[in-house]
Amino acid sequence: MQCIRKSAKGAVGMEAQMTYPISARKIPHLLPGSSCCCLGQILDGAIDQDALESAGALWGAERARRAGFRRRRRERRRGEPAETEPGPGRRFCIPLLLASLPTMATGEEIAPALQDSWGDFWLFRFFVNAAGYASIVVPGFLLIQYFKRRNYLETGRGICFPVIKSCVFGSEVKSVHQDDGSLPPRAEPSESSTARQVFKLLFCAAGLQASYLTWGVLQERVMTRTYGATETDPGEKFKDSQFLVFMNRILAFTVAGLYCALTKQPRHGAPMYKYSFASLSNILSSWCQYEALKYISFPTQVLAKASKVIPVMMMGKLVSRKSYEYWEYLTAALISVGVSMFLLSSAPNRTVSTVTTFSGIVLLAGYIIFDSFTSNWQDALFTYKMSPVQMMFGVNVFSCLFTVGSLVEQGALLESLRFMARHSEFTAHAVLLSVCSACGQLFIFYTINQFGAAVFTIIMTLRQAFAILLSCLIYGHTVTVVGGLGIAVVFMALFLRVYARSRMKKRSKKLPPGETPVQKV
């Protein structure tokens, strides 16, 4: 079949002079499924009745477009206002031509998946999610400012007064000492209860390891593997990290609410809106953590979390003018060396899923920044009299509100529910992921209450090492000898940090007040 165009004005508004025949096979494929011969979809000798009807329709549209052009030109000559709206061909075909220039140069076909991939790009999704959160934060901020300017605490009355007072003003002033309500006093183990304390320690260690190791394996499974794959169908991946954050937070909110209702808690006095700051940063840190797995391996993510102490020390030195001991600088340097050894090591059979990308590094940096803000803001909130479970409840209330609001505005909630309906395996993984996250938080509170932060840090450091080993065994991540040495250096530095901190605490108790055990720099 020969496609001959003598002199026609194209859909893009240009004169195309062709005095020689052109085979349709030489025309690049622009739009898969199109019936237009000028887009290269009609092969030689493959003209049927539908193609002839389509060609006739195109010729009629071209004649109508030319007639409209001549009519507008006559109106302009007469001084009458001409219609300025371009025709549908010109309006849609110019972007089409611009989008197809790379394909015309290479002669390749545009994949439909690539045409929609920009909507799944993490930066685009981040701003869309942030816009959804802003639609809730901005009206809430305006309401809070309105009640404060109106002095509602003294002038307010009615049924809504207790709710507004609790949300905006709170019911108690800050406590003088931070330790008054943040954690209940930890009972020291006695000699007669050594066996019981050992059992409690094993219970806490087993609970933390089981919860967070299962959580890590499921997290990598959900974010990096497909569901519904068969011999003929490659399956589909779940892409909405915000829905997973919503699942985790709604179950944590339920567990914390039941715990507060069934156990005795201190009287709550903090304004409820102050939880929203920690909630927003906690949502964004969790979202960055899930999204990072699309670009980096799980072992890299674990090591990045372990090295979080480095930016924390830098910010403390630059912003807060904090002082640190020499051993803290030493352990931070060892951690940075170990992480660098792991990241710079190369494996011969490294796959795309284990390659560290720039997007993954940016997302990990976002996770560290948002998570650092969350912990600092929660420390400030603990100046009010509250328990850790009350903190967990308050933060997750706003987390559920923000995430469900953003999901509904985007229409992603129904899409995620449809994905769950199509793939029962994903449903089981998402529910188990949320259960492990909620139970892990309860084990954290119980372990710190019973044995202190040092024991908890040791258990969680071991958990990170086991998580890397488990991920390599299950998902086949390749670690070279240099990378393994880097991992060993990181965890050696972490254990050294815990040991030095415990020794410093013991020595500081023996020294008179005002003296420091070592010089700080």
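Residues numbered from 1 in each chain as written. Predicted model: local features only at pLDDT ≥ 70, side-chain atom pairs only at ≥ 80, totals over all residues. Heavy atoms only, no water.

**Student:** Please explain the overall build of the protein as it appears in this structure.
**Tutor:** Broken down by element type, the protein carries 18 helices and six strands. The burial tally for the protein puts 39% of its 521 residues in the buried class. Per element, the accessible surface of the protein, about 29900 Å² overall, is 65% carbon and sulfur. (Helix = DSSP H or I, 4+ residues; strand = E, 2+ residues; numbered from the N terminus. Buried < 20%, exposed > 50% of the residue type's maximum accessible area, 1.4 Å probe, protein only. Areas by Shrake-Rupley, 256 points an atom, 1.4 Å probe, with all protein chains shown as cover.)

**Student:** Please explain the packing of aromatic side chains as it appears in this structure.
**Tutor:** The description of two aromatic rings rests on the distance between their centres and on the angle between their planes. Counted according to the given criterion, the structure contains 22 aromatic pairs. Between Phe-419 and Phe-426, the aromatic rings sit 5.0 Å apart at their centres with planes inclined by 90°, giving edge-to-face as the arrangement. With a relative accessible area of 5%, Phe-419 lands in the buried category. For Phe-426, a relative accessible area of 0% translates into the label buried. Grouping aromatic residues by their ring pairs yields a cluster made of Tyr-227, Phe-238, Phe-243, Phe-246, Phe-419 and Phe-426. For Arg-221, the ring lying beneath its charged end belongs to Tyr-227, and the centroid distance is 4.2 Å. (Phe/Tyr/Trp six-rings, centres within 6.5 Å; stacked < 30°, edge-to-face > 60°. Lys NZ or Arg CZ within 6 Å of the ring centre and 35° of its normal.)

**Student:** Sorry if this is basic, but what is going on with helix 17 (residues 453–475) here?
**Tutor:** An α-helical turn contains 3.6 residues, so a residue and the one three or four places further along point in the same direction. Here helix 17 is 23 residues long and its end C-alpha atoms lie 32 Å apart, about the 33 Å a rise of 1.5 Å per residue gives. Among all positions in helix 17, only Phe-456, Ile-459, Met-460, Thr-461, Arg-463, Gln-464, Ala-467, Ile-468, Ser-471, Cys-472 and Tyr-475 are buried. (Expected span 1.5 Å × (residues − 1).)

**Student:** Help me out: how do you make sense of helix 4 (residues 122–149) in this one?
**Tutor:** With 28 residues, helix 4 should reach 40 Å at 1.5 Å per residue; the first-to-last C-alpha distance of 39 Å fits that figure. Every buried residue of helix 4 is accounted for by Trp-122, Phe-126, Asn-129, Gly-132, Tyr-133, Ile-144 and Phe-147. Downstream of helix 4 by a residue or two, Asn-151 has a phi angle that is positive, lying close to 55°.

**Student:** For this particular structure, what's the right way to read the pattern of salt bridges?
**Tutor:** Opposite charge on two side chains permits pairing when their charged atoms draw close. By the definition in use, this model includes six salt bridges. Among the salt bridges present, the one from Arg-418 reaches Glu-415, with a minimum N-O distance of 3.4 Å. Here Glu-415 and Arg-418 lie together in helix 15 (residues 412–422), a separation of three residues that amounts to about one turn. The exposure class assigned to Glu-415 is partly exposed, which follows from its relative accessible area of 40%. The network of salt bridges with shared partners includes Glu-236, Glu-415, Arg-418 and Arg-422. (Salt bridge = Lys/Arg side-chain N within 4 Å of Asp/Glu carboxyl O.)

**Student:** Hey, could you run me through the confidence of the model for the protein in this one?
**Tutor:** Reading fine detail from the predicted coordinates is not recommended where pLDDT is low. For the protein, the average pLDDT comes to 75, and 68% of its residues sit at 70 or higher. Counting contacts from residues 1–52, a segment whose pLDDT is below 50, to residues more than four positions away or on other chains yields 83 contacts. The low-confidence segment residues 516–521, where pLDDT is below 50, has 17 contacts with residues more than four positions distant or belonging to other chains. (pLDDT = per-residue confidence, 0-100. Contact = heavy atoms within 4.5 Å.)

**Student:** Looking at this model, I keep getting lost on the nonpolar core. Mind explaining?
**Tutor:** As a rule of thumb, nonpolar side chains are buried together in soluble globular proteins. Grouped together as the largest cluster of nonpolar side chains are 76 residues, with contacts concentrated most on Leu-208, Phe-243, Leu-244, Tyr-275, Leu-303, Met-386 and Phe-426. The biggest single contributor to this core is helix 9 (residues 275–292), with eight residues. With residues up to four places along the chain from it excluded, the contact list for Tyr-275 reads His-268, Ala-270, Leu-381, Met-386, Gln-390, Met-391, Gly-394, Val-395 and Phe-398. In this structure, Ile-144, Phe-161, Val-168 and Tyr-273 belong to the second largest nonpolar core, which totals seven residues. (Core = buried A, V, L, I, M, F, W, Y, C linked by side-chain atoms within 4.5 Å.)

**Student:** What am I meant to see in the side chain of Glu-328 here?
**Tutor:** On the secondary structure map, Glu-328 appears in helix 12 (residues 326–344). Setting aside residues no more than four positions away along its own chain, Glu-328 makes contact with Met-313, Arg-497 and Arg-501.

**Student:** Can you help me understand the environment of Phe-398 in this one?
**Tutor:** Tracing the chain through its elements places Phe-398 in helix 14 (residues 388–410). The buried category is assigned to Phe-398, whose relative accessible area is 15%. Separated by 123 residues in sequence, Phe-398 and Tyr-275 have C-alpha atoms that sit 7.1 Å apart. With residues up to four places along the chain from it excluded, the contact list for Phe-398 reads Met-272, Tyr-273, Tyr-275, Ser-276 and Ser-279.

**Student:** Where do I start with unusual backbone geometry in this structure?
**Tutor:** Excluding glycine, most residues fall at negative phi; most peptide bonds, likewise, are trans. For Asn-151, which is not glycine, the phi dihedral falls at a positive 55°. As for its placement among the helices and strands, Asn-151 is situated in the loop between helix 4 and helix 5 (152–155).

**Student:** What exactly am I supposed to notice about the packing of helix 8 (residues 241–262) against helix 16 (residues 424–451) here?
**Tutor:** In helix packing, the relevant descriptors are the interaxial angle and the interaxial distance, both defined with respect to the helix axes. Axis separation between helix 8 and helix 16 bottoms out at 8 Å; the angle between their running directions is 45°. Judged by the inter-axis angle, helix 8 sits oblique to helix 16. Both helix 8 and helix 16 take part in a crossing whose hand is right-handed. Residue-level contacts link Leu-244, Met-247, Asn-248, Leu-251, Ala-252 and Val-255 of helix 8 to Phe-426, Ala-430, Val-431, Leu-433, Ser-434, Val-435, Ser-437, Ala-438, Gln-441 and Leu-442 of helix 16. A per-class count over the contact of helix 8 with helix 16 returns 12 nonpolar, four polar and no charged. (Axes fitted to C-alpha atoms, helices over the stretch in contact; angles between N-to-C directions. Parallel < 35°, antiparallel > 145°, perpendicular 65-115°, else oblique. Left-handed = near helix turned anticlockwise from the far one by under 90°. Nonpolar A, V, L, I, M, F, W, Y, C, P; charged D, E, K, R; others polar.)

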